[in-house]
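# Close look at the chain arrangement
What follows is the residue order along each chain.
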Amino acid sequence: STVEDELTNIRNYFLIQRYRFGEDLKLEIVFIDKETEIQKLRIPKLTLQPIVENCVFHGLETKRNKGTIRISFDQTQKFLFISVKDDGIGMSKQELEHLNASLVESPFRIDREEIGREKNLAQETGKRHTGIALKNVSQRIKLLFGNEYGITIYSALGVGTNVKIVLPRQLFTEIQDSES
């Protein structure tokens, strides 16, 4: 799908969330580089929605006066950079390290022990922030494009979280031409 398709999904998802949370929940979409060009770039289906859902559930849902999710897009000749930033509750340094470590693991290993650890961590901390949705997105990106691509998370308690996604810059038409 294209960036444009993904953003249509996000806007629809956001409308539903606004019914739940009211006007307190805001979405900003920013193009640092040429908007019309970036809208046509290829992006794996359902790359953004799990991340935005995470922002809503983990970052903003528990915060009293909700907040803003800001999605920004930038590009170079080789890369498409996406940032999904919220001004939610953020996470501890320990939680952040655990999450980022899980995002760089090899996509080929499904570790039963690790799934158990994820469940325990969620029970101990009383949080659902095990990062499985983020890990799925990151692993899918790595499988499709290679290890230089994927997701990195930046966060500070009480400040918010920034999920940065790096994808190859590919025009949608280039892909269709090579597949046919």
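Data block above holds the structure.
Judged by nonpolar contacts, the single largest core of 38 residues is most densely connected at F73, I82 and V84. If we ignore the near neighbours within four places in the chain, the residues touching F73 are V3, L7, I29, V30, F31, I32, D33, I38, L48, L80, F81 and I82.

Now for the pattern of salt bridges. Overall, the coordinates contain five salt bridges when judged by the stated rule. The partner of R70 in a salt bridge is E28, with the nearest N and O atoms 3.7 Å apart. Taken together, the residues R70 in strand β2 (residues 67-75) and E28 in strand β1 (residues 25-31) connect sequence positions 42 residues apart. On the basis of relative accessible area, R70 is assigned to the partly exposed category, the value being 35%. On the basis of relative accessibility, which here comes to 36%, the residue E28 falls in the partly exposed class. K78 serves as the salt-bridge partner of E148, at 3.1 Å between the closest nitrogen and oxygen. Here E148, found in the loop between α6 (132-145) and β4 (150-156), pairs with K78, found in the loop between β2 and β3 (79-86); they are 70 residues apart in sequence, far enough to count as distant. A relative accessible area of 42% places K78 in the partly exposed class.

Quick look at helix α4 (residues 93-103) now. The complete set of buried residues in α4 reads E95, L96, L99, N100, S102 and L103. Viewed end-on, α4 has its buried residues packed into an arc of 160°, placing them on one side of the element. Away from the buried face of α4 by more than 90 degrees, exposed residues K93, Q94 and E97 are located.

What counts and how
Residues numbered from 1 in each chain as written. Predicted model: local features only at pLDDT ≥ 70, side-chain atom pairs only at ≥ 80, totals over all residues. Heavy atoms only, no water. Core = buried A, V, L, I, M, F, W, Y, C linked by side-chain atoms within 4.5 Å. Buried < 20%, exposed > 50% of the residue type's maximum accessible area, 1.4 Å probe, protein only. Contact = heavy atoms within 4.5 Å. Salt bridge = Lys/Arg side-chain N within 4 Å of Asp/Glu carboxyl O. Helix = DSSP H or I, 4+ residues; strand = E, 2+ residues; numbered from the N terminus. Arc of directions from axis to C-beta.

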